[in-house]
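Chain residues, written in single-letter form:
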Amino acid sequence: MKLKQSNRHIDKAVENLAKQQSPQGYWNAQLETNCCMEAQWLMASVFCGIEYERNAQIAEYIINSQREDGSWEVYKNAVNGDVNTTLECYFALRLLGTDPQCEMMSKAREWLLCNKWQYHIRVFTKYWLALFGEWDWEATPALPPEIIYFPKWFPFNIYRFAAWARATIMPLCVVTSQRPVKMMPGALRMDELFPEGRKYKLYSRRKHGKKNKLGLDNFFLAADRLFHFYNKKGVNFPIRRRAIKDSMRWILDHQDDDGFWGGIQPPWIYAIIAMHLEDFPGRQARINKAVNALNLHWTEMTPLGRRVKASESPVWDTILALTSLLDAGFGPDNSAVALAVEYLLNKENRHYGDWSETVGKDVEPSGWAFQRENKFYPDIDDTAMAVIALKRVSDSPKCGARLRKRILDCIKRANNWLLAMQSKNGGWGAFDRDNNTSLVTKIPFCDFGEVLDPPSSDVTAHVLEALVKCGYPLQDPRLKRAVDFILSQQEDDGSWFGRWGINYIYGTWCVLSALAACGFTAKDDVVKKGLSFLKGKQNPDGGWGESATSYMDFKSRSSSTASQTAWAVMAISAFESEYAECAKRGADYLKSIQNPDGGWDEPQFTGTGFPGYGFGAKSDVRNGVHLPQGAELSRGFMLRYGYYCLYFPIMALSRQKNT
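Residues numbered from 1 in each chain as written. Predicted model: local features only at pLDDT ≥ 70, side-chain atom pairs only at ≥ 80, totals over all residues. Heavy atoms only, no water.

A. Quick look at the overall build of the chain. Assigned secondary structure in the chain consists of 23 helices and five strands. Its C-alpha atoms give the chain a radius of gyration of 25 Å, near enough to 26 Å, the size a compact globule of 659 residues would have. The principal-axis extents of the C-alpha atoms in the chain amount to approximately 70 × 55 × 55 Å. Out of the 659 residues belonging to the chain, those deemed buried represent 64%. Pairs at least 24 residues apart make up 74% of the contacts formed inside the chain by residues separated by at least 6 positions. Put simply, the chain shows about 25,200 Å² of open surface, and 51% of that area lies on carbon and sulfur atoms. Where the 81 positive side-chain charges of the chain centre and where its 74 negative ones centre are 3 Å apart. (Helix = DSSP H or I, 4+ residues; strand = E, 2+ residues; numbered from the N terminus. Rg over C-alpha atoms; globule rule 2.2 N^0.38 Å. Buried < 20%, exposed > 50% of the residue type's maximum accessible area, 1.4 Å probe, protein only. Contact = heavy atoms within 4.5 Å. Areas by Shrake-Rupley, 256 points an atom, 1.4 Å probe, with all protein chains shown as cover. Lys, Arg positive; Asp, Glu negative; His and termini not counted. Charge placed at Lys NZ, Arg CZ, Asp CG, Glu CD.)

B. Seen up close, the sheet that holds strand β4 (residues 607-610). The sheet built from three strands is open, its strands ordered β1-β5-β4 with antiparallel pairing. Taken across any chain shown, the strands that pair with only one partner, and hence form the sheet edges, are β1 (31-32) and β4. Looking at chain direction, β4 and strand β5 (residues 637-641) are connected through three bridges and run antiparallel. For Thr608, the partnering residue across the bridge sits in β5 and is Met638. (Pairing = 2+ DSSP bridges.)

C. Geometry of the pairing of strand β2 (residues 299-302). Alignment of β2 against strand β3 (residues 305-308), held across four bridges, turns out to be antiparallel. When the bridges of β3 are listed, Thr302 appears paired with Gly305. In textbook terms, the turn of a hairpin is the stretch between consecutive antiparallel strands, and for β2 and β3 this stretch comprises two residues.

D. Molecular detail of the nonpolar core. One finds Trp41, Trp117, Trp268, Phe445 and Phe648 to be the most contacted residues of the largest nonpolar core, which totals 226 residues. Dropping the residues within four chain positions of it, Trp41 is found in contact with Ile50, Tyr52, Asn55, Ile58, Trp268, Ile269, Ile272, Val291, Leu294 and Val308. (Core = buried A, V, L, I, M, F, W, Y, C linked by side-chain atoms within 4.5 Å.)

E. Looking closely at the packing of helix α15 (residues 380-395) against helix α17 (residues 457-469). Interhelical geometry of α15 versus α17 gives an angle of 30° and a closest axis separation of 8 Å. Judged by the inter-axis angle, α15 sits roughly parallel to α17. Judged by the twist between their axes, the crossing of α15 over α17 is left-handed. From α15, Ile380, Asp381, Ala384, Met385, Val387, Ile388 and Lys391 reach across to α17, where they touch Asp458, Val459, His462, Val463, Glu465, Ala466 and Lys469. Split into classes, the residues belonging to the contact of α15 with α17 amount to eight nonpolar, one polar and five charged. (Axes fitted to C-alpha atoms, helices over the stretch in contact; angles between N-to-C directions. Parallel < 35°, antiparallel > 145°, perpendicular 65-115°, else oblique. Left-handed = near helix turned anticlockwise from the far one by under 90°. Nonpolar A, V, L, I, M, F, W, Y, C, P; charged D, E, K, R; others polar.)

F. Expanded view of unusual backbone geometry. Phi is positive for Asn77, which is not a glycine, with a value near 60°. Inspection of the secondary structure assignment puts Asn77 in the loop between α3 (55-64) and α4 (83-95). Unusually for a residue other than glycine, Lys116 sits at a positive phi of about 50°. The topology assignment puts Lys116 in the loop between α5 (103-114) and α6 (123-131).

G. How the structure looks around helix α13 (residues 335-346). The end-to-end C-alpha distance of α13, which contains twelve residues, comes to 17 Å, matching closely the 16 Å that a straight helix rising 1.5 Å per residue would cover. Those residues of α13 lying buried are Ala336, Val337, Ala340, Val341, Tyr343, Leu344 and Leu345. Where the residues of α13 are buried, they touch α12 (314-327), α15 and α16 (401-420). Its side-chain oxygen placed 3.0 Å from the backbone nitrogen of Ala336, Asn334 serves as the N-cap of α13. (Expected span 1.5 Å × (residues − 1). Polar contact = N/O pair within 3.5 Å; in protein donor to acceptor, adjacent residues only side chain to side chain.)

H. Region of interest: the packing of aromatic side chains. Here the structure, examined in full by the defined rule, presents 36 aromatic pairs. For the pair Tyr506 and Trp567, a centre-to-centre distance of 4.9 Å together with 70° between the ring planes defines the contact as edge-to-face. Placement of Tyr506 in helix α19 (residues 504-517) and of Trp567 in helix α21 (residues 562-573) is noted, with a sequence separation of 61 residues between them. As far as burial versus exposure is concerned, Tyr506 and Trp567 are alike and both buried. Note on Tyr644 and Phe648: the rings are 5.0 Å apart at their centroids and 80° apart in plane angle, and the pair reads as edge-to-face. Separated by four residues within a single helix, Tyr644 and Phe648 lie in helix α23 (residues 644-657), roughly one turn from each other. Under the relative-accessibility criterion, Tyr644 is labelled buried at 2%. Taking the relative accessible area as the measure of exposure, Phe648 reaches 1% and is therefore buried. Of the aromatic side chains, those joined through ring pairs into one cluster are Phe370, Tyr506, Trp509, Trp567, Tyr641, Tyr644, Tyr647 and Phe648. Here the guanidinium or amino end of Arg198 rests over the ring plane of Phe194, the centre of that ring lying 4.3 Å away. (Phe/Tyr/Trp six-rings, centres within 6.5 Å; stacked < 30°, edge-to-face > 60°. Lys NZ or Arg CZ within 6 Å of the ring centre and 35° of its normal.)

In structure tokens:
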């Protein structure tokens, strides 16, 4: 595909992108995470007795992903290995019969023992060990299934948790309430990791400041002990059996058509175990449907072996690929654009998902999910970006009247849904409204990732940009509150925190793009500070780069990447300013590292799942606030989107060319 006024770098990249489009119109890039995904599937298949013909390929991926020091990491080239990922990988390979004395296992074991793994593993890892009798269930947090009955006004109602945490907690309630153990033969026990005997580290909350015996931490630990007592005594109580039954009904009702739950791995893996433990009509068919998801599109073959995907991103990829084609000058008369538009229109989410439990059902459902079959959790960020792209298509003189009406009707529904999802502080989260009850983060279970989904600058910026480009005036009180929220989130150095991308480069790009759409100029102090921040972060080679370590080390700097360079170039190119030369240098850097096939290499992780702060929002780690993780991000979860290094450079080169 070429334009009349072509640019060879853009032409080659677009040609590469077009080749990746499926016949159905979508793009679906590789989505790389850490090896807990593969390890947990292998452990679950052993626990449930599931024979899966590709397990050897999955084990091969784990083996080939090991670091030189014997550990496994959370993100590419992390400063340190992660104790949770390493322990789970080691255990999964042991369960498959891998010789513990082989070099690979010896190195991993030495690393684990040296890093005192028993004192640092998270709750999820303890649950996996407990399933096989390698950890005492008493030394894990209790999750009572009776939580299903907590009223919506109650702080610990399931809808107070983030969408991903909610979908994960429900099957875990079933599993942990039964405390099952599958004891393995002696040769498969992990005695070698307990050289001083099986001493189990009890979980605890880290205290800040003066100890308070009447504080929330101690209250929740006491409540947890009570739940453990009830788990042992109440196993045959009618209310316990009914709670398990109703929790299972919730789980089964939330299974998507492709066999997954919420389009992410954790609920899927724990739901399989919960179904394995419980007997109900159609049980095996449900399990088969879940397992068959691996064959559908939830694994992918790589040079290292078979990867189990933590999620999949065909809708998100298609939205961004469509945007890049529009930036490059293509319109609805182009076949690739037409196919992508049709795919997105057909993927509008018209289902009353979990969001309606707090927003209500007087709001017409709309929006787009991140994945192809996730009907319960439309994504506010995806929806905003889809609206921006589709509005551009409808504005094209080449868009036919019938298609334009379909698009505008869809956009109207989507915008109404977006406005209904605005939180009280003016911002937007990813899946829910006002999902910021910090009290839930205090329970002993919450020592991982994030369990809340509060508003973030990057998502709010995308929604604001979408609404403005659809004609909503800035005088609208809802938009004014959104602008005020964004302005309140700017850092002292001019940047914005990136919740869903790494990190300050991503957040700053999202916000500056929105402010440009709102009519801000480089003369405005808020913009001037943001542009100055980006200039200060430009590398000598002309590009930009930021490692995931910036979630714990603000001053970290990294080698340039294609996607992060593109974000910075787009942010600067959105304004007429003294920094235009910075954008040109960034564009030149992208051209200089482009591959002959039109693409770019990017092994680095530039996407974010969880920074690991626990409460979903930015933690001011620079001012001495302690978090139980370092730059290895043991509580975090990072992502590498395979096409970030393709469609973002196309956008950047196209926009820089037109400035």
